[in-house]
Amino acid sequence: MGIAVSARYLLDTNHLSRAVTPGSLVRQRIAELRMRGVKVGTCVPVLCEIEAGIQQVSRPDLYRLNLERLLRHEEH
């Protein structure tokens, strides 16, 4: 009897922050992985760092919207 192992990735702050921008290469790669059934996630400390960094971007409302879409697996 074998053990099934599936690929999984845990994104750090650098990768998640680059993936927030629609059309970014990191976001495209995440979408490709998800389409292949690979689990891609992050953790609470990374989300806290992202939230703190949102205060420094020029359009925090748009950044937050793009982050929410990324986390919900939506592409718009």
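The structure we're discussing is the one just above.
What counts and what doesn't
- Residues numbered from 1 in each chain as written.
- Predicted model: local features only at pLDDT ≥ 70, side-chain atom pairs only at ≥ 80, totals over all residues.
- Heavy atoms only, no water.
- Helix = DSSP H or I, 4+ residues; strand = E, 2+ residues; numbered from the N terminus.
- Buried < 20%, exposed > 50% of the residue type's maximum accessible area, 1.4 Å probe, protein only.
- Salt bridge = Lys/Arg side-chain N within 4 Å of Asp/Glu carboxyl O.
- Core = buried A, V, L, I, M, F, W, Y, C linked by side-chain atoms within 4.5 Å.
- Contact = heavy atoms within 4.5 Å.
- Arc of directions from axis to C-beta.
- Axes fitted to C-alpha atoms, helices over the stretch in contact; angles between N-to-C directions.
- Parallel < 35°, antiparallel > 145°, perpendicular 65-115°, else oblique.
- Nonpolar A, V, L, I, M, F, W, Y, C, P; charged D, E, K, R; others polar.

Engineer: How would you explain the environment of Q55 if you had to name every residue and give the values?
Structural biologist: Along the chain, Q55 falls in the loop between α3 (44–54) and α4 (60–71). Residue classification places Q55 among the exposed positions, given a relative accessible area of 56%.

Engineer: Which residues make up the pattern of salt bridges, and what values do they have?
Structural biologist: Enumeration over the complete set of coordinates arrives at three salt bridges. Note that E32 and R29 form a salt bridge whose closest N and O atoms lie 3.8 Å from each other. Taken together, the positions of E32 and R29, both in helix α2 (residues 25–35) and three residues apart, correspond to about one turn of that helix. Linking R59 and D61 is a salt bridge whose minimum nitrogen-to-oxygen distance equals 3.7 Å. Looking at R59, the relative accessible area reads 46%, which means it is partly exposed.

Engineer: Account for the nonpolar core, with residues named and values stated.
Structural biologist: L16, V40, I50 and L67 are the most contacted members of the largest nonpolar core, which has 14 residues in total. Those residues within four positions of V40 in sequence are excluded, and the remaining contacts are Y9, L11, I30, L33 and R34.

Engineer: Outline α3, supporting the account with residue identities and numerical values.
Structural biologist: Of the residues making up α3, those classed as buried are V46, I50 and I54. The buried residues of α3 occupy an angular sector of 80 degrees when the element is viewed end-on, so they sit on one face. Turned more than 90 degrees away from the buried face of α3 sit V44 and P45, all of them exposed. Looking at the buried positions of α3, the neighbouring elements they touch are α1 (13–19) and α4.

Engineer: Explain the packing of α3 against α4 residue by residue, including any values.
Structural biologist: Contact geometry of α3 with α4 gives a least axis separation of 10 Å together with a crossing angle of 155 degrees. Judged on the interaxial angle alone, α4 and α3 are roughly antiparallel. In contact with L47, I50, E51 and I54 of α3, α4 contributes P60, Y63, R64, L67 and L71. Class assignment for the residues of the contact of α3 with α4 results in seven nonpolar, no polar and two charged.

Engineer: Which residues make up the side chain of N66, and what values do they have?
Structural biologist: Position of N66 among the secondary structure elements: in helix α4. Given the relative accessible area of 10%, N66 is considered buried. Sequence-distant contacts of N66, defined by excluding residues within four places in its chain, comprise V20, P22 and R27.

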